Structures are given as C-alpha cells and as structure tokens.
Amino acid sequence: MEYQNYQRDTSLKFPKGFLWGASTSAYQVEGGIENNDWAEAAHEGKFPQAGEACNHYRRFEEDFDIAESLGHNAHRFSIEWARIEPEEGKFDEKEIKHYLAVLQSLKRHGLEPMVNLWHFTLPAWFAKIGGFENKNAPMFFARYAAFVTARLGSGAELWLTLNEPMVYASESYLKGVWPPFRKNIFTFIKIQSRLVTAHNLAYAAAKKISPHIQIGIAKNNIYFASDGKWWNGLIKWFVRWYWNERFLNAINAHQDFIGLNHYFYKKFGKKEKFPQSDRGWDIFPEAIYHCLMELKKYGKPIYVTENGIADEADTRRGDFIKNYLQFVKKAIDDGADVRGYFYWSLLDNFELEEGFSKKFGLVQLDPMTLERTIRKSAFVYKRIIESQSVC
Ligand code: BGC
C-alpha cells in the first residue's frame, strides 16, 4: 500500500485503500515462549500457562492462508522482545529471520503488515532489572526498537511501538493483577512517563534508520459518558482526559498515526443495560463512533487496531462486527480519517489472565488438537470486506 496515495471516498463505501484485517499478539498466539515475565509468573502458578498457545510460530502460513481466504488485505501482529533480545544486549539473528519470513509470507498473501513492537510481555532479564520502573528502561526499549526496525523496516510501513500503555500501567501497577503485581499509585504514574519516553526515544531512533516507516501506538480508549449530573460530568471530563488523552498528548510530536483499541463504555451515574459478551463487557457499538470523533482533533490518520468480542457460541459476533463497523463508517463520514479496521482476533488465543477460556477468534481453535475452524461470523466480515460496505 502506498501510504501517500490514500484517497477518501465519500460514497456509501469505505474509503479506497481501507485496510481490513485482524490482530494478534506474539505471546497470545505463538507458543513456546519461556523467557518472559508472563511465562515466569505462569510457572509460579499465578496464571495459566500459554504453552504452545496456537503454535502460530510454526503455523503462520496456514493462518495467513485463512486470513487471505476471508478477504483480509492487512494483518496486525507483534514481535516478542524476549525472542529478539533474550539476554541484555544480545540480539538473536535467528529470530529476526523468523519475523522476516512472517513479513514475506504476509506480502505473498496480500496482507499489509502492521507490526507491533511490544504487547505487554517483557524479557525476563528486563523484568529482573525492574522493567519500565528502571530509569534506563526507555533506552533499552529504544535500542530494541532501533534494532528491529533496522532489520525489518523495509518489510513493513506501519509500526506500533506500544500496545495499550495505560492498560499495562493500570493492570500491572495499580490493580496489581499482571506482572510485576504491584499496587502503588505513584509507580502507576511513573510507569506512564517511562512509557512516554520509551515511545518517544524509540520513534526517534526508528525514524532515523527508516524514515519511510509510519509509527504510532495502539491506545485503548473508552467512551466515557455521564448521566448529566454536574458532578458526574466533572468526573467524566477528568477521567476522559487522564485515560484517553494524556498519553496521546505527550507523544503527539512523535507519532504519524493513531491506533485505537476499543472495547469499553463507561457511564458515570445511572447506566443503561446492554447485552454483554462472554467477558462481561457491554456491547454498545455507538461507543466506537465517539472514541473516533474524539481522536479527530489530532489531525492524524487513525486505524482501529483492535475491536472484538468474546463469543464462544458465535451468535453475536457477526452483528457485533457489522454494527461497530457501521459506526466506524459514520465517523469517517463525519470527518475522522479512519484508514483501517483490525478485528481482535484472527483466532481464539491465550486471553491473558483468563487463559484459553475466552474466545475472540474469527477462527475457532480446538485447544487439544489446535485444529482451526472458521466461524460463521468470519464470513459476515468477509462479505463486508467484499462489498466495502455495511449497508
Ligand atoms: C489487548 C489484547 C486482549 C484483548 C481482549 C486488548 O486490550 O490488547 O491483548 O486479548 O484486549 O481482552
């Protein structure tokens, strides 16, 4: 895809060149990763083990065959830092070759890659020195980012440095439910600024080496609303700024596009009842419209880098995709420069602290045999892609 040649289409159809795909993350699908903080926590019995996960590390060709057969023209995946830099300062060429093969395969399948450098998991050595609490952490991350983009930058134009920094800071340092299981509001705040610096340094280093690449982050933004009471309006205003905007503002001079991961709606005050996913999350498609419109003011291209539903029975996923995409289209019509949509996820995978129990996949995975079966809803998405429209 020529990033510059992107054209806006004002008809009922999605804009020309729109990217349609699905998203995955290394630790959740690859399998065989033992040297990161999540694997270590799993060994200590704090989590289920990811083990072989989907064995995507070996079966990526097959998975990309499926994505291509479903009409996708793009795919978002992440690189496991612990594979590339298993020991501090030692970079593994064999793993670079692996990800090069992944990129080549994506190209062969007509799938535009979006490469994410970090999706929550830390190399064990980095976790041991304090992870992002370490004052040199941004430098370590930027060095890793520079190494990877130097080797793989020619294979992909769209890059993400961080996945959901606010979610990471809050799960790991405020709620204390992800490694390193801390509950300290001051560390929670400190981690956010470390991640800002990590991103900004990584951006500068990667752009110096590969000026052509486009770099953003995947930001989990929530639609915050209130019941109209002034005090709830005030809380909403503050929380929206703190959660949705503060991080983006801090990296604004260092990002070429914005990735939106969208799952949540939060209303302060009396709340309506919505249908829910298997994860217990509200299904409220209009929420994505508001999140996209909030991002319009940054004046940058936007990609929906994640949006999806846990729905084992596959009775709600088709409508979910259709209805959320209807609101994505509305945001485009109302001036948000949205250029792609990546459903989470291509296949059922290791759903973090939930283990394998929650099924987000367009493709069902048999946990015993790892057999892949395409779900009906994947064809709903396929028809939307083929017609380039949700009407
Ligand atoms: C994360 C994914 C996760 C998904 C569903 C997102 O916030 O980026 O890693 O699987 O939510 O829980």
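Just so we're clear, the structure is a prediction, and the values are computed from it rather than from any experiment. (Residues numbered from 1 in each chain as written. Predicted model: local features only at pLDDT ≥ 70, side-chain atom pairs only at ≥ 80, totals over all residues. Heavy atoms only, no water.)

What the chain contains, in helices and strands, is 13 helices and 12 strands. By the compact-globule yardstick of 21 Å for 391 residues, the chain fits well, its C-alpha radius of gyration being 20 Å. Taken over the C-alpha atoms alone, the chain extends approximately 50 × 50 × 45 Å along its principal axes. Total accessible area on the chain stands at roughly 15,400 Å², and carbon and sulfur atoms take up 55% of it. (Helix = DSSP H or I, 4+ residues; strand = E, 2+ residues; numbered from the N terminus. Rg over C-alpha atoms; globule rule 2.2 N^0.38 Å. Areas by Shrake-Rupley, 256 points an atom, 1.4 Å probe, with all protein chains shown as cover.)

Quick look at the pattern of salt bridges now. Opposite charge on two side chains allows them to pair when their charged atoms are near. Counted according to the given criterion, the structure contains 32 salt bridges. Residue Lys329 is joined to Asp333 by a salt bridge in which the shortest nitrogen-to-oxygen separation is 2.7 Å. Note that Lys329 and Asp333 are positioned in helix 12 (residues 317–333) at a spacing of 4 residues, about one turn of the helix. One salt bridge in this structure joins Glu354 and Lys358, with 3.4 Å as the shortest N-O distance. (Salt bridge = Lys/Arg side-chain N within 4 Å of Asp/Glu carboxyl O.)

Okay, the packing of aromatic side chains next. As enumerated under the stated definition, the model contains 46 aromatic pairs in all. An angle of 20° between the planes, with centres 6.2 Å apart, marks the rings of Phe224 and Phe268 as stacked. Of the two residues, Phe224 is situated in strand 6 (residues 223–226) and Phe268 in strand 8 (residues 265–268); the sequence distance between them amounts to 44 residues. Phe268 matches Phe224 in its accessibility class, with the two residues each being buried. When the ring centre of Tyr57 is taken as reference, the NZ or CZ atom of Arg83 above it lies at 3.9 Å. Geometry around Phe268 places Lys266 over its ring, the cationic atom sitting 5.2 Å from the centre. (Phe/Tyr/Trp six-rings, centres within 6.5 Å; stacked < 30°, edge-to-face > 60°. Buried < 20%, exposed > 50% of the residue type's maximum accessible area, 1.4 Å probe, protein only. Lys NZ or Arg CZ within 6 Å of the ring centre and 35° of its normal.)

A large share of strand 9 (residues 302–306) lies buried, amounting to 5 of its 5 residues. Bridging between strand 7 (residues 258–261) and strand 9 involves 4 bridges; their strand directions are parallel. Of the residues in strand 9, the one forming a bridge with Ile258 is Ile302. Inspection of the sheet shows strand 9 paired to strand 10 (residues 338–344) by 3 bridges, in the parallel sense. From the neighbouring strand, Tyr303 faces strand 10, where its bridge partner is Gly340. With helix 12 bridging strand 9 and its parallel neighbour strand 10, the resulting β-α-β unit is right-handed. (Pairing = 2+ DSSP bridges. Right-handed = clockwise from strand over helix to strand, strands pointing away.)

Moving on, we get to the packing of helix 12 against helix 13 (residues 376–387). Between helix 12 and helix 13, the shortest axis-to-axis distance is 7 Å and the interhelical angle comes to 30°. Taken together, the axes of helix 12 and helix 13 lie roughly parallel to each other. Note that helix 12 runs across helix 13; the crossing there is right-handed. Residues Arg317, Gly318, Ile321, Lys322 and Leu325 of helix 12 touch helix 13, and the partners they reach there are Ser377, Val380, Tyr381 and Ile384. (Axes fitted to C-alpha atoms, helices over the stretch in contact; angles between N-to-C directions. Parallel < 35°, antiparallel > 145°, perpendicular 65-115°, else oblique. Left-handed = near helix turned anticlockwise from the far one by under 90°. Contact = heavy atoms within 4.5 Å.)

This brings us to the confidence of the model for the chain. Taken residue by residue, the chain gives an average pLDDT of 96. The fraction at 70 or more is 97%. In this model residues 1–6 is a low-confidence stretch, pLDDT under 50, and it forms 21 contacts with partners more than four residues away in sequence or in other chains. (pLDDT = per-residue confidence, 0-100.)

Taking 1.5 Å of rise per residue, the 17 residues of helix 12 would be expected to cover 24 Å, and the 24 Å separating its terminal C-alpha atoms lies within 8% of that figure. Three or more residues of helix 12 are buried, namely Arg317, Gly318, Phe320, Ile321, Tyr324, Leu325, Val328, Lys329, Ala331 and Ile332. On an axial view of helix 12, the arc spanned by its buried residues comes to 160°, and they lie on one face. Looking at the buried side of helix 12, the elements it contacts are strand 1 (19–23), helix 11 (286–295), strand 9, strand 10 and helix 13. Where helix 12 terminates, the next one or two residues include Gly335, which has phi positive at roughly 100°. (Expected span 1.5 Å × (residues − 1). Arc of directions from axis to C-beta.)

Around the ligand, a shell composed of 14 residues is seen, among which Gln28, His119, Glu164, Glu306 and Glu351 lie nearest. Interatomic distance of 3.0 Å between a side-chain N/O atom of Asn163 and an oxygen atom of the ligand. Contact between the ligand and Glu306: an oxygen atom at 2.9 Å from a side-chain N or O atom of the residue. Protein chains shield 95% of the accessible area of the ligand, which is 310 Å² for the free molecule. Within the shell around the ligand, the residues separate by chemical class into 6 nonpolar, 4 polar and 4 charged. (Near = heavy atom within 4 Å. Polar contact = N/O pair within 3.5 Å; in protein donor to acceptor, adjacent residues only side chain to side chain. Nonpolar A, V, L, I, M, F, W, Y, C, P; charged D, E, K, R; others polar.)

Here we come to the environment of Gly228. In this fold, Gly228 is placed in the loop between strand 6 and helix 10 (230–250). When the C-alpha atoms of Gly228 and Ile213 are compared, they prove to be 44 Å apart, with 15 residues separating the residues in sequence.

This part covers the sheet that holds strand 1. The sheet built from 8 strands closes into a barrel, its strands ordered 1-2-3-4-5-7-9-10 with parallel pairing. Averaged over all pairs of adjacent strands, the angle between their axes in this sheet comes to 25°, without regard to strand direction. As paired elements, strand 2 (residues 74–78) and strand 3 (residues 112–116) share 5 bridges and run parallel to each other. Looking at the pairing, Phe77 lines up with Val115 of strand 3. In the packing of helix 5 (residues 93–108) onto the sheet, contacts are made with strand 2 and strand 3, and the angle to strand 2 comes to roughly 170°.

On to the pairing of strand 5 (residues 214–220), then. For strand 5, the tally of buried residues reaches 7 of 7 residues, placing the bulk of the element in the interior. Of the two faces of strand 5, the one holding Gln214, Gly216, Ala218 and Asn220 and the one holding Ile215, Ile217 and Lys219 are both buried throughout. Bridging between strand 4 (residues 158–163) and strand 5 involves 4 bridges; their strand directions are parallel. Considered in strand 5, the bridge of Trp159 is made with Ile215.

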